[in-house]
Amino acid sequence: MHLRLAHRFVFSVLSLSPIFYLAQTTQISPTHPPGFYTSNISLTLETNSEDTIYYSLDGSVPTKESFLFMPGDTIVFQDKSQEPNYYSEFVTTPYISVYGYPIWESPEGLLSKGNILRFCSYKNGEISSTIKSGTYFIFSEGSQKYELPVISMMVDEADFFSQDSGIYIPGLSFDDENPESTGNYYKRGDAWERNVHIEYYNEAGDLGFSQDAGVRIHGGATRTASQKSLKFYARSEYGHSQFHYKLLPNNENNEYKRFLLQSSMGDWSKTIIKDPLAQEICRSLNFATQDSRPVIVFLNGEYWGVQIIRDRIDKYYLEYKEGAAHPDSVTLLNSFSNPEAIEGDAEGFIELLEFINENDIAFEENYNYLLSQIDIENYIDYNIAEIFLSNYDWPGNNVKYWRALDGSTKWRWIFFDIDGGLYNYKYDMLEHCTLNDDEVVWPNSPPSTFMFRNLLRNDRFVSEFISRYAEILRSNFSLNTTINKASSLVDLYSSSISEHSDRWNFPENENAWRNDINEHLLEFLEKRHCYAVENLSNFFDLSDFPFDCCSEATFNTLLAYPNPSSGEFSLLNTSEESMFGIVTISTTSGSIVYTEESVTIRGGETLELNNLDLPKGIYIVTFQGSLKGQSLKLIVF
């Protein structure tokens, strides 16, 4: 124990700065590569020199105070899941909720654990080899334990959890009287970037990449949540200037300077898939979206829950996603209320706002000038998406837009952070995003609604907006499309929710998660169309709108067989996407004779219902949930 504490303390100072790699000649290799194993392993470290080898098992970079590896030694790795939890016992939030986000709680039970190994050699007091790192997961299921990819992070404990410099906790900088903006996790910039070694294992358990990088806490108010979002930086001083890997399944890019590992605790519900779903629904519309990939995360060998690999919206994102000529050739802004430059400067957009303020956009000459400055197809699609998905936390927040630094391209908007949407299917977002009340600061202050309000003064814009809204309702926002995408995401996450809930108590458990999806997310998707059409018709005083919301209610993919039946039958999901919900069987008089909750039927597969002992007669089988209202008649002879 004393040795372990000693080498942690020694490197806690060194780890405040990046590790600079020098040309090394000594080579060291483990006899077993990192990865997944089904039984215990014993490995040794082989080298081509007589330099002294040191290794660590706690995530810290090995020093001369670490464990000494002697010729002939072996290191034994086994399943550590029955050992006491350690890193998950660090308190990562204040003891009261800030902004309503989940506070830290001790996990329900013992967490899954892997073995981490870092090693290097020393000669004459200096490191004489590269520092190598790897995770050894010993599970009876091997790589089949998880259906999602796995990320393993290794950090010095002090870098995340020390009171003075740990970036993951409230720490010494937290002020009880100002909890909304204080805490170590609110610190930004180079001084609060820490060294991390990160490994990525794909769904088959194969190693995708393994490299040192920089890591910072990411986000705004969500920094106060118990599980934090993280931002990773590839830099040459860490050894690699890029992450060379296809991180995101819907993006062909395989070189990243930065990426996010996002927590789902920003979700205003507990579905944890709301923003990824919104991005999937809108993927083919005329604006840039964020790709995502859920992964299982381990921190220093201890299970850390489900997080999402995301694009980071920055100048590099604009290059590979939007086709910007060069990362340094862009202007990227946020906020309508007070345009601020993330890249470039805000002067050009502020001048555009001044033009709108001084010139009536109802006149074609003024509108045509505006069309020369903004990508109107992008702007219309972007606003329709935010409005239909009822993103309450907008437009006074969560706004980003960009153009070329030299003004050679038009302004385009970027779709992100819909955690405040897909909840209130009745909400009139057209009133929301046209509010003009000087007393309102958030979420729809007059400056944030200014451009949209003025564009609505132009008849051509209104006509194009209404026509495009109807078109998108029939395509991207159709019930068939949105429900199938929701089913696919639930299927993707479902195997990982229970363990994640045990770790973070968010959501409380798998049943609570499914209920939240059924009662909030799916209900929104099923009912939003008619209210969206009603809101649109009322706002624009339309007597006719080219979309029939009632036709969206007919969505049936269930088949019961054999039918008639002797009382044993199966439900076939004839679609390609998974369904999830509650199965009930009732008599024609309405008496329920059978109920099964939290049912999932994968696309093309069946749910067998046997030993029901139903008397002969006619019954109604209902699947209520992801495809609400699907009912079938069953005859029992």
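Below: a short report on this structure.

Conventions adopted
- Residues numbered from 1 in each chain as written.
- Predicted model: local features only at pLDDT ≥ 70, side-chain atom pairs only at ≥ 80, totals over all residues.
- Heavy atoms only, no water.
- Disulfide = S-S within 2.5 Å.
- Helix = DSSP H or I, 4+ residues; strand = E, 2+ residues; numbered from the N terminus.
- Expected span 1.5 Å × (residues − 1).
- Buried < 20%, exposed > 50% of the residue type's maximum accessible area, 1.4 Å probe, protein only.
- Arc of directions from axis to C-beta.
- Contact = heavy atoms within 4.5 Å.
- Pairing = 2+ DSSP bridges.
- Axes fitted to C-alpha atoms, helices over the stretch in contact; angles between N-to-C directions.
- Salt bridge = Lys/Arg side-chain N within 4 Å of Asp/Glu carboxyl O.
- Core = buried A, V, L, I, M, F, W, Y, C linked by side-chain atoms within 4.5 Å.
- Bend = angle between axes of the 7 residues up to and from the residue.
- Polar contact = N/O pair within 3.5 Å; in protein donor to acceptor, adjacent residues only side chain to side chain.
- Phe/Tyr/Trp six-rings, centres within 6.5 Å; stacked < 30°, edge-to-face > 60°.
- Lys NZ or Arg CZ within 6 Å of the ring centre and 35° of its normal.

### Some thoughts on the state of the cysteines
Here is step 1: The full count for this structure, using the stated rule, is one disulfide.
Here is step 2: Disulfide pairing places Cys530 opposite Cys549 at an S-S distance of 2.1 Å. On the sign convention where negative is left-handed, the bridge of Cys530 and Cys549, at about 95° about the S-S bond, is right-handed. Of this pair, Cys530 sits in helix H13 (residues 510–540) while Cys549 sits in the loop between H13 and strand S24 (558–561); the two residues are 19 residues apart in sequence, bridging distant segments of the chain.
Here is step 3: Just so you know, Cys282 is unpaired, no disulfide at all, and the nearest cysteine sulfur is the one on Cys433, 15 Å from it.

### Section: helix H10 (residues 459–474)
Here is step 1: For H10, with 16 residues, the first-to-last C-alpha span of 23 Å sits near the 22 Å given by 1.5 Å per residue.
Here is step 2: Of the positions making up H10, those classed as buried are Phe461, Val462, Phe465, Ile466, Tyr469, Ala470, Ile472 and Leu473. On an axial view of H10, the arc spanned by its buried residues comes to 165°, and they lie on one face.
Here is step 3: At its buried positions, H10 is contacted by helix H6 (364–373), helix H7 (376–388), helix H8 (429–432), helix H9 (446–455) and H13.

### Examining the sheet that holds strand S28 (residues 606–609)
Each strand in a sheet pairs with its neighbour through backbone hydrogen bonds, running either in the same direction (parallel) or in the opposite one (antiparallel).
Here is step 1: With respect to topology, three strands assemble into an open sheet ordered S24-S25-S28, the strand pairing being antiparallel. The outermost strands of the open sheet, each flanked by one partner alone, are S24 and S28. Strand-to-strand twist of the sheet, defined as the mean angle between neighbouring strand axes without regard to direction, takes the value 20°.
Here is step 2: In this structure, S24 lies alongside strand S25 (residues 569–573), joined through four bridges in antiparallel fashion.

### Side note on the pattern of salt bridges
Here is step 1: Scanning the entire structure with this criterion turns up 24 salt bridges.
Here is step 2: Note that Arg216 and Glu193 form a salt bridge whose closest N and O atoms lie 2.9 Å from each other. One end of the pair, Arg216, is in strand S13 (residues 207–218); the other, Glu193, is in the loop between helix H2 (157–161) and strand S12 (194–201), and 23 residues separate them in sequence. Take Arg216 and Glu193: they sit in the same class, and that class is buried.
Here is step 3: Glu523 is paired through a salt bridge with Lys527; the nearest N and O atoms lie 3.2 Å apart. Of the two residues, Glu523 and Lys527 both sit in helix H13, four residues apart, roughly one turn of that helix.

### Some details on the nonpolar core
Note on soluble globular proteins: their nonpolar side chains tend to be buried together.
Here is step 1: Among the nonpolar cores identified, the biggest contains 129 residues, and Phe232, Phe349, Trp413, Phe461, Phe465 and Phe477 are the most heavily contacted of them.
Here is step 2: A per-element tally of this core places H13 first, with 10 residues.
Here is step 3: When sequence neighbours within four positions are dropped, the list of residues in contact with Phe461 reads Tyr367, Ile376, Tyr379, Ile380, Phe452, Leu455 and Leu456.
Here is step 4: Ranked by size, the runner-up nonpolar core spans 19 residues in total, among them Leu558, Leu571, Ile585 and Val621.

### Some details on H13
Each turn of an α-helix holds 3.6 residues, which means side chains three or four residues apart point in the same direction.
Here is step 1: Across its 31 residues, H13 extends 43 Å between first and last C-alpha, which sits within 8% of the 45 Å expected from 1.5 Å per residue.
Here is step 2: At Arg528, H13 is bent by approximately 50°, the largest bend along its length.
Here is step 3: Its side-chain oxygen at 3.1 Å from the backbone nitrogen of Asn511, Asn509 defines the N-terminal cap of H13.
Here is step 4: Downstream of H13 by one or two residues, Asp541 has phi in the positive range, about 55°.

### Observations regarding the pairing of strand S14 (residues 229–233)
Here is step 1: Across the five residues of S14, five count as buried, placing the element largely inside the fold.
Here is step 2: Here S14 shows two buried faces, one formed by Ser229, Lys231 and Tyr233 and the other by Leu230 and Phe232.
Here is step 3: Taken together, the five bridges between S13 and S14 define a ladder with antiparallel strand orientation. Residue pairing for S14: His218 is matched across the bridge by Ser229.
Here is step 4: Bridge count between S14 and strand S17 (residues 258–262): four bridges; the pairing is antiparallel. Pairing of Phe232 across the sheet is with Phe259, part of S17.

### Description of unusual backbone geometry
Here is step 1: For the peptide bond that leads from Trp394 to Pro395, omega is 5°, which places it in the cis range.
Here is step 2: Along the chain, Pro395 falls in the loop between H7 and strand S22 (400–404).
Here is step 3: Backbone torsion omega between Trp442 and Pro443 reads 5°, so that peptide bond is classified as cis.
Here is step 4: Here Pro443 is to be found in the loop between H8 and H9.
Here is step 5: The backbone phi angle of Asn300 is positive, close to 50°, even though this residue is not glycine.
Here is step 6: Here Asn300 is to be found in the loop between strand S18 (292–299) and strand S19 (302–310).

### Observations regarding the sheet that holds S17
Here is step 1: The sheet built from seven strands closes into a barrel, its strands ordered S11-S12-S13-S14-S17-S19-S18 with mixed pairing. Each strand axis lies, on average, 40° off the axis of its neighbour in the sheet, ignoring direction.

### Things to note about the pairing of S12
Here is step 1: Counting buried residues along S12, eight of its eight residues qualify, which places the element largely inside the surrounding structure.
Here is step 2: With burial as the criterion, each face of S12 is covered, one bearing Arg194, Val196, Ile198 and Tyr200 and the other bearing Asn195, His197, Glu199 and Tyr201.
Here is step 3: In terms of strand pairing, strand S11 (residues 150–154) meets S12 through five bridges, oriented antiparallel. Within the sheet, the bridge partner assigned to Ser152 lies in S12 and is Glu199.
Here is step 4: Two strands pair when backbone bridges link them, and S12 and S13 are joined in this way by eight bridges, in the antiparallel orientation. Its bridge partner being in S13, Tyr200 is matched across the sheet by Phe209.
Here is step 5: Following S12, the chain reverses through five residues before pairing antiparallel with S13; Gly205 in that reversal takes a positive phi of roughly 90°.

### Description of the packing of aromatic side chains
Here is step 1: Across all of its chains, the model carries 60 aromatic pairs by this definition.
Here is step 2: Taken together, a centroid distance of 6.4 Å and an interplanar angle of 70° make the contact between Phe349 and Trp413 edge-to-face. In this pair, Phe349 is assigned in helix H5 (residues 347–358) and Trp413 in strand S23 (residues 412–414), connecting sequence segments 64 residues apart.
Here is step 3: Aromatic pair Phe355 and Tyr369: ring centres 4.4 Å apart, planes at 50°, arrangement tilted. Of this pair, Phe355 sits in helix H5 while Tyr369 sits in helix H6, and the two are 14 residues apart along the sequence.
Here is step 4: Given a relative accessible area of 37%, Tyr369 falls into the partly exposed group.
Here is step 5: Directly above the ring of Tyr185 sits Lys228, whose terminal nitrogen or CZ lies 4.1 Å from the centroid.

So far we have only geometry, and geometry alone does not tell us how the molecule works.
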